[in-house]
Amino acid sequence: MRLYAVVAAGGFRRYATYRTATLAGVFTNTVFGFIVAYTYLALWDERPRLGGYDQSEALTYVWLGQALLMTCAMMGAGFESELTERIRTGDIAVDLYRPADLQLWWLAGDLGRAAFHLLGRGVAPMVLGALAFDLALPDSPWMWPAFLVSVLLGVVVSFALRFLVALSAFWLMDGAGALQMAMLAGLFFSGMLLPLTLFPGVLGEVARALPWSSLLQVPADVFLGRYTGWGLLRAYAFQAGWAVALLLAGRLLQTVATRRVVVQGG
Amino acid sequence: MEAAAGPRPGTAEVAFADRSRLVEGVRAYGLIVAMWLRSTLAYRASFVMTTVGNFLMTGFDFVTIMLMFSHVDALGGYTLPEIALLYGVSASAFGLCDLLLGSVGRLGQRVRDGTLDTLLVRPVPVLAQVAADQFALRRLGRISQALLVLGYALVTLDIAWTPLKVALLPVMVLSGAAIFGAVFVAGAAFQFYAQDASEVQNAFTYGGTTLLQYPPSVFARDLVRGVTFIVPLAFVSWLPALYVLGRDYPLDLPRWVAFLPPLVAGGCWVLAGLVWRVGLRSYRSTGS
């Protein structure tokens, strides 16, 4: 357990090193936040209460999206390209000999990364957004920890998905294509482009049931006070269910994959 | 009498030095691009997959707009075909620029890992080398997606076409690409100082094209002012495209500004060239 805490702290520190990059990222998130916020304003001007959100809730959704983009790695950005690279080059063999579990090791590192991105690239755009627009911030102080739990579950689901995709490199050798597809799915089905409640008909139902909705749609709805009491527990159960299922799938794939590892020479 | 053997070092040669350097740069750019094309096409399947991915990736921008229009008939007073025209022009211009120059965004990484030094000692303009570096043909995915949307706009829009409007279309795309290109180069020059701040450049380039995909009526006046007078992105699509659509310009600008894009593009390149020179001169290797 202590080992994984150290790995997580390492993940945090690693990203904390890039200070200019973090500042630049905050700038970009803020610029995009403004652009998207104005388009949402135009949309909600035409149709107030679209998708069950009023205007300030819709704006809050925009800024939550910018704040969580890196935290929940909706477009990727994290360990996955590193892991596929290690699989491609064969360095993965070294990892497998370490007295640590492969999946837990990468999960710990990714949690550290997510924690840094939440603080480094999440807080500042959210504050700037709140200064420029009338956002619907939680009334009850309890909503903040409730939101953080949902974000944590979202990060685990995101990790589990990216771990699965990265392991596909054992079979595909070049993981670039699979990673790109995963990024597309993450962007579209997380609700980053538009809240999933605005997706029409069956597409909307499917999108809300898929694991990616745990990355933004569910945490945002928790933040906006959509879920209280049992509803909140159900939202958590939805996220945790996907997290467990995907982590188990990753574990299974890892076992199958490691049987395939052939270490050349030495 | 002695016959002149070869060109004499003289005033004429000095006067043409700048031009020959430009020709040399373009030639080098072509050679490096050709090399990357050969290497890209060596892995056909990978190329097809990444191009399709590129197509889908940028296509999502328009899918978002279509999803919005499944709930409304107009956004900021503009219909879907009208927005498709704004989108098509801006995205084609950006796609063209991204294909030709997109790699300059990687400059910061080269500064960080020290590989920029290799480019400096070669007898070829650095900008040409950086621009052609890892030339990514998959970016054709973005351009084809943009041209499809532009085609959709031109088919569905009911425009009273005049020869002037027809001529303005290719001018918009080409000058727009040039304006975006100048922003790319200026942003890259900024990375000589701020080595890992490539995201600032993304805010102006990717952010800029996203902004231009929506009508100016959607945004606050100050934002529109900013992209008209400070970073003149409004000349990529808004001002000329609104002339084609016969709609009012933002900020009560006169009608002739629709024909300024080539001039604005030229001005941007002069500035970008200056910024690039200053940046390159001030470059200190990481030395590691």
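Quick caveat, the model's predicted, so the values are computed rather than measured.

### Considering the side chain of Thr-39 of chain A
Structurally, Thr-39 of chain A can be placed in helix α2 (residues 19-46). The buried category is assigned to Thr-39 of chain A, whose relative accessible area is 2%. With residues up to four places along the chain from it excluded, the contact list for Thr-39 of chain A reads Met-68, Leu-75, Tyr-214, Val-218 and Phe-219 of chain B.

### What to know about the environment of Leu-68 of chain A
All names here are of chain A. Within the secondary structure, Leu-68 is located in helix α3 (residues 55-71). In sequence terms Leu-68 and Asp-95 are 27 residues apart; their C-alpha atoms lie 30 Å from each other. With residues near it in sequence (within four places) discarded, Leu-68 still touches Ala-73, Met-74, Leu-118, Phe-147, Val-151, Leu-215, Leu-216 and Pro-219.

### Brief notes about the packing of aromatic side chains
Under the criterion given, the structure shown has 29 aromatic pairs over all chains. Taken together, a centroid distance of 5.2 Å and an interplanar angle of 45 degrees make the contact between Phe-188 of chain A and Phe-199 of chain A tilted. Here the residue Phe-188 of chain A occupies a position in helix α9 (residues 176-189), and Phe-199 of chain A occupies one in the loop between α9 and α10 (201-209), the gap between them amounting to eleven residues. Taken as a pair, Phe-188 of chain A and Phe-199 of chain A share a single burial class, namely buried. Through successive ring pairs, a cluster of aromatic residues spans Phe-34, Tyr-38, Trp-63 and Phe-133 of chain A together with Phe-219 and Trp-238 of chain B. Here the guanidinium or amino end of Lys-165 of chain B rests over the ring plane of Tyr-243 of chain B, the centre of that ring lying 6.0 Å away.

### Remarks on the pattern of salt bridges
Residues and elements named next belong to chain A. Counting across every chain of the model gives 16 salt bridges over all chains. A salt bridge links Glu-85 to Arg-88; the nearest nitrogen and oxygen atoms lie 2.8 Å apart. Pair noted here: Glu-85 and Arg-88 are both in helix α4 (residues 80-89), with a separation of three residues, about one helical turn. Given the relative accessible area of 38%, Glu-85 is considered partly exposed. Since its relative accessible area comes to 44%, Arg-88 is described here as partly exposed. Among the charged side chains, a salt-bridge network with shared partners connects Glu-80, Asp-110, Arg-113 and Arg-162.

### Considerations on the interface of chain A and chain B
In this assembly, 33 residues from chain A lie in contact with 34 residues from chain B. Contact with chain B buries area across many residues of chain A, yet Ile-35, Tyr-38 and Leu-184 of chain A alone supply 18% of it, more than any other trio. The tally of links from chain A across to chain B stands at one salt bridge. Here Arg-121 of chain A makes a salt bridge to Glu-199 of chain B, at a shortest N to O gap of 2.9 Å. The interface formed by chain A and chain B includes five residue pairs in polar contact (both at pLDDT 80 or more). For the side of chain A that touches chain B, the secondary structure elements donating two or more residues are α2 and α9 of chain A. For the side of chain A that touches chain B, the leading source of residues is α2 of chain A, giving 15 residues. By residue class, the composition of the side of chain A that touches chain B is 23 nonpolar, six polar and four charged.

### Some details on the confidence of the model for chain B
Residues and elements named next belong to chain B. Across chain B, the average pLDDT comes to 87, with 92% of residues at or above 70. Predicted confidence for residues 1-14 stays below pLDDT 50, and this span has two contacts to residues more than four positions away or in other chains. ipTM for the predicted complex: 0.88, alongside a pTM of 0.90.

### Overview of the nonpolar core
Counting residues in hydrophobic clusters, the biggest one holds 147 residues, and the most contacted among them are Leu-43 of chain A together with Leu-75, Leu-85, Leu-116, Phe-219 and Trp-238 of chain B. The element contributing the most residues to this core is helix α3 (residues 80-101) of chain B, with 13 residues. Excluding residues that lie within four positions of it along the chain, Leu-85 of chain B makes contacts with Leu-150, Ala-153, Leu-154, Leu-157, Ala-241, Val-244 and Leu-245 of chain B. Membership of the second largest hydrophobic core comes to 14 residues, among which are Leu-83, Leu-102, Ala-169 and Phe-170 of chain A.

### Focus on the side chain of Glu-57 of chain A
Residues and elements named next belong to chain A. As for its placement among the helices and strands, Glu-57 is situated in helix α3. Exposure remark for Glu-57: the relative accessible area of 13% places this residue in the buried category. In contact with Glu-57, not counting residues within four places along its chain, are Gly-52, Ala-136, Leu-224 and Arg-226.

### Points about helix α10 (residues 221-230) of chain B
Within the span of α10 of chain B, buried status applies to Val-224, Gly-226, Val-227 and Thr-228 of chain B. Along its buried surface, α10 of chain B packs onto α9 (198-212) and α11 (238-245) of chain B.

### Quick look at the packing of α2 of chain A against α3 of chain A
Residue and element names in this part refer to chain A. Direction vectors running N to C along α2 and α3 enclose 155 degrees, while the axes themselves pass 9 Å from each other. One element, α2, and the other, α3, form an angle in the roughly antiparallel class. In this structure, the crossing between α2 and α3 has a hand that is right-handed. Here α2 contributes Asn-29, Thr-30, Phe-32, Gly-33, Phe-34, Val-36, Ala-37, Tyr-40, Leu-41, Trp-44 and Asp-45 to the contact with α3, which in turn contributes Gln-55, Ala-58, Leu-59, Tyr-61, Val-62, Trp-63, Gln-66 and Leu-69.

### Comments concerning a nonpolar patch on the surface
Residues and elements named next belong to chain A. There is a patch of nonpolar side chains on the surface, built from Leu-119, Val-123, Val-127, Leu-128 and Leu-131 and spanning about 480 Å² of accessible area. Relative to the helices and strands, Val-127 resides in helix α6 (residues 102-132). The class of Val-127 is partly exposed, set by a relative accessible area of 45%.

### With respect to unusual backbone geometry
Within the chain, Arg-49 of chain A stands out as a residue other than glycine whose phi angle is a positive 65 degrees. Residues other than glycine seldom take positive phi values, yet Asp-252 of chain B does so here, at roughly 50 degrees. Tracing the sequence through the fold places Asp-252 of chain B in the loop between α11 and α12 (261-281).

Conventions and cut-offs
Residues numbered from 1 in each chain as written. Chains lettered and ligands numbered in written order. Predicted model: local features only at pLDDT ≥ 70, side-chain atom pairs only at ≥ 80, totals over all residues. Heavy atoms only, no water. Helix = DSSP H or I, 4+ residues; strand = E, 2+ residues; numbered from the N terminus. Buried < 20%, exposed > 50% of the residue type's maximum accessible area, 1.4 Å probe, protein only. Contact = heavy atoms within 4.5 Å. Phe/Tyr/Trp six-rings, centres within 6.5 Å; stacked < 30°, edge-to-face > 60°. Lys NZ or Arg CZ within 6 Å of the ring centre and 35° of its normal. Salt bridge = Lys/Arg side-chain N within 4 Å of Asp/Glu carboxyl O. Buried area = accessible area lost by both parts, 1.4 Å probe. Polar contact = N/O pair within 3.5 Å; in protein donor to acceptor, adjacent residues only side chain to side chain. Nonpolar A, V, L, I, M, F, W, Y, C, P; charged D, E, K, R; others polar. pLDDT = per-residue confidence, 0-100. Core = buried A, V, L, I, M, F, W, Y, C linked by side-chain atoms within 4.5 Å. Axes fitted to C-alpha atoms, helices over the stretch in contact; angles between N-to-C directions. Parallel < 35°, antiparallel > 145°, perpendicular 65-115°, else oblique. Left-handed = near helix turned anticlockwise from the far one by under 90°. Patch = residues over 30% accessible without salt bridge, like charges linked within 9 Å, V, L, I, M, F, W, Y side chains within 5 Å. Areas by Shrake-Rupley, 256 points an atom, 1.4 Å probe, with all protein chains shown as cover.

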